[in-house]
Amino acid sequence: QVQLVESGGGLVQPGGSLRLSCVASGSISSINAMGWYRQVLGKQREFVADITRGGSTNYADSVKGRFTISRDNAKNTVFLQMNSLKPEDTAIYYCRADTISGVVMHQYWGQGTQVTVSS
């Protein structure tokens, strides 16, 4: 199993920045990719960014040019640097890890960290 713990959320003014962290523990060697998703009340959880163990990245169009995902494999940690934040970025941000064991694939989620962008 994999356990994920997010941190770094908080209240920030529009145009400001935050850096989210997600630390993974457990069956670390089985993790293929990690990513960030976000969800607001009344909406479906949406993809934000992900990164493979080798460092390949993908971003949602809404955050391209503003957010940067990175990972430190030695520390089992993935980061999300969020710049030029907008009120519409307000959401609970969740970390996800994808694993495979034999032919069985699993997705693991953290408990989320709240990001609020408001003046």
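Residues numbered from 1 in each chain as written. Predicted model: local features only at pLDDT ≥ 70, side-chain atom pairs only at ≥ 80, totals over all residues. Heavy atoms only, no water.

Caption draft 1: Layout of the nonpolar core. By size, the foremost hydrophobic cluster in this structure holds 29 residues, and its most contacted members are Leu4, Met34, Trp36, Leu80, Met82 and Tyr93. Of all elements in the fold, only strand S1 (2-7), strand S3 (18-26), strand S4 (31-39), strand S5 (46-52), strand S7 (67-72), strand S8 (77-82), strand S9 (91-101) and strand S11 (113-117) reach the threshold of two or more residues within this core. (Core = buried A, V, L, I, M, F, W, Y, C linked by side-chain atoms within 4.5 Å. Buried < 20%, exposed > 50% of the residue type's maximum accessible area, 1.4 Å probe, protein only. Helix = DSSP H or I, 4+ residues; strand = E, 2+ residues; numbered from the N terminus.)

Caption draft 2: Local environment of the state of the cysteines. Within this structure, the stated rule accounts for one disulfide. Put simply, cysteine 22 and cysteine 95 are joined by a disulfide, and their sulfur atoms are 2.1 Å apart. For the disulfide bridge between cysteine 22 and cysteine 95, the dihedral angle about the S-S bond is near -85 degrees, and by the sign convention the bridge is left-handed. Residue cysteine 22 is located in strand S3, and its partner cysteine 95 is located in strand S9; the two are separated by 73 residues in the primary sequence. Each member of the pair, cysteine 22 as well as cysteine 95, is classed as buried. (Disulfide = S-S within 2.5 Å.)

Caption draft 3: Summary view of the pattern of salt bridges. In the structure shown here, the tally under the stated rule is five salt bridges. The shortest N-O distance in the salt bridge between glutamate 46 and arginine 38 comes to 2.6 Å. Exposure remark for glutamate 46: the relative accessible area of 36% places this residue in the partly exposed category. Ionic pairing is found between arginine 38 and aspartate 89, a salt bridge with its closest N-O pair at 2.9 Å. On the criterion of sequence distance, the pair formed by arginine 38 in strand S4 and aspartate 89 in the loop between S8 and S9 is long-range, its members being 51 residues apart. In this pair, the class of arginine 38 matches that of aspartate 89, namely buried. Salt bridges sharing common partners tie together Arg38, Glu46, Arg66 and Asp89. (Salt bridge = Lys/Arg side-chain N within 4 Å of Asp/Glu carboxyl O.)

It is worth stressing that arrangement in space is one thing and function is another; only the former is reported here.
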